[in-house]
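Structural overview
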Amino acid sequence: MRESIGGKFFVTFIHIILILISLTCILPFVHLVALSVSSGHAVDLGQVLFWPVGLDFTVYNYFFENTPALRAFTNSVIITLGGTILSMLATVLTAYPLSRRYLYARKPITMAALFTMLFGGGMIPTYLVMNSLHLINTYWSLWLGGLISTYNMLIMKSYFESVPGEVAESAQIDGCGEVRLLMRIILPLSLPMLATLTLFYGVGYWNMFMSVILYINETSLQNLTVVVQGMLQIQGNFNMAAMDMMQQQEMVSEKLKAVGVVVMVVPMLVVYPFLQKYFVKGIMLGSIKG
Amino acid sequence: MKITPAAVGTDQAPAAKEAFYQTKRFRQNIPLFAMLIPGVLYYLIFRYAPMGGLVIAFKDYNFHDGIWSSPWVGWKYFEILFQSNVTLQIIWNTLNLSVLNLVFGFPAPIIIAIALNEVRKTWLKRWIQTVIYLPHFLSWVIVAGIVLTLFSIEGGTVNKLLGQWGGEPVPFLYRADSWIAIFIGSGMWKEMGFSAIIYLAALSSIDPSLYESAGMDGAGKLRQIWHITLPGIRPTIILLLILGVGRLMEVGFDQVYNLQNPTVLEKAEVISTYVYKVGLQQAQFSLTTAMGLFESFVGLVLVLSANALARKFDQGLF
């Protein structure tokens, strides 16, 4: 098919815009990585853009040795692993029965779950529930408080529903019970969706911020997100009086900020490419069905 | 479970079959309900019990008496809420930021999806997608770190560059208007790529022959987008708009809390951050619960009205 000159111009224009947008998504990270490994002097003079000037890794050492970052990193890993496993278990175990047409009270239960997406108790009443269950300052407050994302559960449910009925029926005729049906047939057929939700929950727990500052007051239990946020705040509140502080110290905290962000992003960047093909597939299928 | 020929045609068969299926259904339901136990407990304890806790908005809550024994005060805290300039300003800020978020943030992913749909080279399309989905997976702490690195007045990259070109440093983060622009912009930057996925899914279901015949009839790219693409994804747009309107009373806690600073607090304090700071840290439980209840209630009314409106056009969500 021939395209008009106007059409060609339009398509070129679209390409340029999209590439520019993509660059705005990458360049900040390149900039931060460059900042984090450049010498403090070059950073201070504004010589560092996307390429490091005068390599200097001392702030990385400082970050892991003199700040609670290492412990916070470990905490983040524990929170993420435990939370993702529990959430996936609970989500599958809730979504599967709700996807079966012969479940009693299927509609009311689904509606009751759906309603929590529209209305909730809010921050203070939820905190009071956590408090009365003595979950404050334990990771159970994070894991149980966010056990099931209703949105994730509903897309899992509609994915289970999309598994052809004949497959399940013939298995049941062969004497396959509900648990074996789920384990042997439904779950293996739902791998893209399972991968997608694992990613969503994993990212949610890794980035968890609000719940941690609400429920975890013990600093030794806090995760990387909260610890790095604390470092950023010190920097962010630098006012004119703080400008008189020792030059050396300012350079360190300036770079420390960049190091904190880089350390938090790296694990994400490592897993992201592997999971990307799954989640795009998962979301597309989920959104068409839902 | 095969139906024997003998059973077919006799009078008792339908009743017997019915009873058989009922028993079978009951047996199947036992393991299903066992599976549901954790989920049901979760919803009851962590979702529905807090809704019951909302009664403290109508009480003078104190730790000593607990939720049930604290004295009733009726609408006292709602009256305070709507008479105090501080709280009114905060409600206004919440609305202001979320409306701006919707106005600028909502069309962005639609535009991105339509633009991506025009990219024919698969490798380029995939590369762009990989890159623009990424910010969605970063926490607001990281995004706030990037914003500080770029825009802060002491050592921000933008101000350093301005300085090198002989300009005066601009306090981007300390002026209300530029702070709001950065707030909205960072939200768009983080979510527009990822939100485009759902529109891309909708776009992929549009019949390509429509474009071919429109092209033969002489319709240019823009006209094709207007007359084929947009109507094709209209149900998706309306669905997401309903959800967006339902969230108009809430501004993401993480986003505001991480981006705000004391200088712009007058415009940047929203309901969720205020509830955290005043409610939890200063133990004003009843007042802030009233505020939270107001927020959730308006949100519920908004989503139900948006849905009712959409239903008039046969696009209702529920």
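As the structure is a prediction and not an experimental result, all values here were calculated from the model. (Residues numbered from 1 in each chain as written. Chains lettered and ligands numbered in written order. Predicted model: local features only at pLDDT ≥ 70, side-chain atom pairs only at ≥ 80, totals over all residues. Heavy atoms only, no water.)

**Let's talk about a nonpolar patch on the surface**
Note the threshold: Within the patch definition used here, like charges are joined within 9 Å and nonpolar side chains (Val, Leu, Ile, Met, Phe, Trp, Tyr) within 5 Å, considering only residues with over 30% relative accessible area and no salt bridge. For every accessible area listed, the method is Shrake-Rupley and the probe measures 1.4 Å; residues are considered covered only by the protein chains on display. What counts as a salt bridge is simple: a side-chain nitrogen of Lys or Arg found within 4 Å of a carboxyl oxygen of Asp or Glu. Under the scheme used here, helices are H or I runs from DSSP no shorter than 4 residues and strands are E runs no shorter than 2 residues, and both carry numbers assigned from the N terminus. Each residue's exposure class comes from its accessible area (1.4 Å probe, protein chains only) as a fraction of the maximum for that residue type: buried when under 20%, exposed when over 50%, partly exposed otherwise.
Taken together, the side chains of A:Ile16, A:Ile19, A:Leu20, A:Leu23, A:Leu27, A:Val30, A:Leu49, A:Phe50, B:Trp123 and B:Trp127 make up a nonpolar region of the molecular surface, amounting to roughly 870 Å² of accessible area. For the nonpolar patch, the secondary structure elements donating two or more residues are helix H1 (5-37) of chain A together with helix H6 (122-133) of chain B. The biggest single contributor to the nonpolar patch is H1(A), with six residues. Tracing the sequence through the fold places A:Leu20 in helix H1. Residue class for A:Leu20 comes out partly exposed when judged on its relative accessible area of 47%.

**Regarding helix H5 (residues 107-117) of chain B**
Just so we agree on the cut-off: Residue contacts are counted whenever heavy atoms from the two residues lie within 4.5 Å of one another.
Taking burial as the measure, the 11 residues of H5(B) include eight buried ones, the bulk of the element. The complete set of buried residues in H5(B) reads B:Ala108, B:Pro109, B:Ile110, B:Ile112, B:Ala113, B:Ile114, B:Ala115 and B:Leu116. Summarising the contacts, the buried residues of H5(B) are in contact with H1 of chain A together with helix H4 (85-105), H6, helix H9 (176-204), helix H11 (221-232) and helix H12 (234-246) of chain B.

**Focus on the confidence of the model for chain A**
If pLDDT is low for a region, its predicted coordinates should not be looked at in detail. We count it as follows: You can read pLDDT as the predictor saying how much it trusts each residue, on a scale of 0 to 100.
Residue-level pLDDT values for chain A average 83, and 89% of them are 70 or greater. Low pLDDT, under 50, characterises residues 236-248 of chain A; the stretch is placed with 11 contacts to residues that sit more than four places away or in other chains.

**Side note on the nonpolar core**
What counts here: By nonpolar core is meant a set of buried Ala, Val, Leu, Ile, Met, Phe, Trp, Tyr and Cys residues that side-chain atoms within 4.5 Å join together. A domain assignment, automatic or from a database, supplies the domain bounds used here.
Ranked by internal contacts, the top residues of the largest apolar core, which has 179 residues, are A:Phe279, B:Tyr133, B:Phe137, B:Trp179 and B:Tyr199. At 15 residues, the largest contribution of residues to this core is made by H9(B). Two domains share this core, each providing at least three of its residues, namely domain 1 (1-56) and domain 2 (62-289) of chain A. Excluding anything up to four places from it in sequence, A:Phe279 contacts A:Thr196, A:Leu199, A:Tyr272, B:Tyr133, B:Phe137, B:Phe194 and B:Ile197. Listed in part, the five residues of the second largest apolar core include B:Ile242, B:Val245, B:Val303 and B:Ala310.

**Observations concerning the domain arrangement of chain A**
All names here are of chain A. We count it as follows: Summed over both partners, the accessible area lost on bringing two parts together, with a 1.4 Å probe, is the buried area. Distance and chemistry together define a polar contact, namely a pair of N or O atoms within 3.5 Å, with one atom able to donate a hydrogen and the other to accept it when in protein, and with adjacent residues in sequence counting only for side-chain atoms on both sides. Three classes are used: nonpolar for Ala, Val, Leu, Ile, Met, Phe, Trp, Tyr, Cys and Pro, charged for Asp, Glu, Lys and Arg, and polar for all others, with Gly counted as polar.
Domain annotation for chain A reports domain 1 (1-56) and domain 2 (62-289). Contact between domain 1 and domain 2 buries roughly 790 Å² in total, counting both sides, with carbon and sulfur atoms accounting for 74%. By the criterion of area lost to domain 2, the three top residues of domain 1 are Leu-32, Ser-36 and Asp-44, representing 48% of everything that side buries. The tally of links from domain 1 across to domain 2 stands at zero salt bridges. For the interface between domain 1 and domain 2, the tally reads zero residue pairs in polar contact (both at pLDDT 80 or more). Going through the elements one at a time, H1 and helix H2 (40-45) are the ones with two or more residues in the side of domain 1 that touches domain 2. Broken down by element, the side of domain 1 that touches domain 2 gets its largest block of residues, five residues, from H1. Of the residues assigned to the side of domain 1 that touches domain 2, the class counts are five nonpolar, five polar and two charged.

**Some thoughts on the UniProt feature "transmembrane region" (unreviewed entry) in chain A**
All names here are of chain A. Selection rule: UniProt positions are given in the numbering used here, feature names are shortened, and annotations may be inferred rather than shown by experiment.
The feature "transmembrane region" (unreviewed entry), as annotated in UniProt, sits at residues 12-33, 45-64, 76-96, 108-128, 140-160, 181-203 and 256-275 in this numbering. End C-alpha to end C-alpha, residues 76-96 measures 29 Å, and it is 100% helix and 0% strand. Counted over residues 108-128, helix gives 81% and strand 0%. Its end C-alpha atoms are 27 Å apart.

**Here we look at the interface of chain A and chain B**
You'll often see interface size given as the accessible area lost when the parts meet. Across the contact, 99 residues belong to chain A and 90 residues belong to chain B. When residues of chain A are sorted by the area they lose upon contact with chain B, A:Tyr104, A:Phe119 and A:Ile124 head the list and together hold 8% of the total. Joining chain A to chain B, the criterion identifies zero salt bridges. Top contributing element to the side of chain A that touches chain B by residue count: H1(A), with 16 residues.

**Overview of the packing of H5(B) against H6(B)**
Between two packed helices, the angle of one axis relative to the other and the distance separating the axes together describe the packing. Residue and element names in this part refer to chain B. Operational definition: Where helices are involved, their axes are fitted lines through C-alpha atoms of the stretch in contact, as for all axes, and angles between N-to-C directions lie from 0 to 180°. Roughly parallel here means an angle under 35 degrees, roughly antiparallel means over 145, roughly perpendicular means 65 to 115, and every remaining angle is called oblique. When the near helix sits turned anticlockwise from the far one by under a right angle, the crossing is termed left-handed; a clockwise turn instead gives a right-handed crossing.
At a minimum axis distance of 10 Å, the contact between H5 and H6 shows a crossing angle of 160 degrees. In terms of orientation, H5 and H6 fall into the roughly antiparallel class. The way H5 lies across H6 gives a crossing that is left-handed. In this structure, H5 contributes Ile-112, Leu-116 and Asn-117 to the contact, and H6 contributes Lys-125, Ile-128, Gln-129 and Ile-132. Residue composition of the contact of H5 with H6, by class: four nonpolar, two polar and one charged.

**Some thoughts on helix H8 (residues 150-162) of chain A**
Here is the rule: Helices are assigned an expected span. That span is 1.5 Å times one less than the residue count.
For H8(A), built from 13 residues, the straight-helix expectation of 18 Å at 1.5 Å per residue is met to within 8% by its first-to-last C-alpha distance of 18 Å. For H8(A), every residue scored as buried is listed here: A:Thr150, A:Asn152, A:Met153, A:Ile155, A:Met156, A:Lys157, A:Ser158, A:Tyr159 and A:Phe160.

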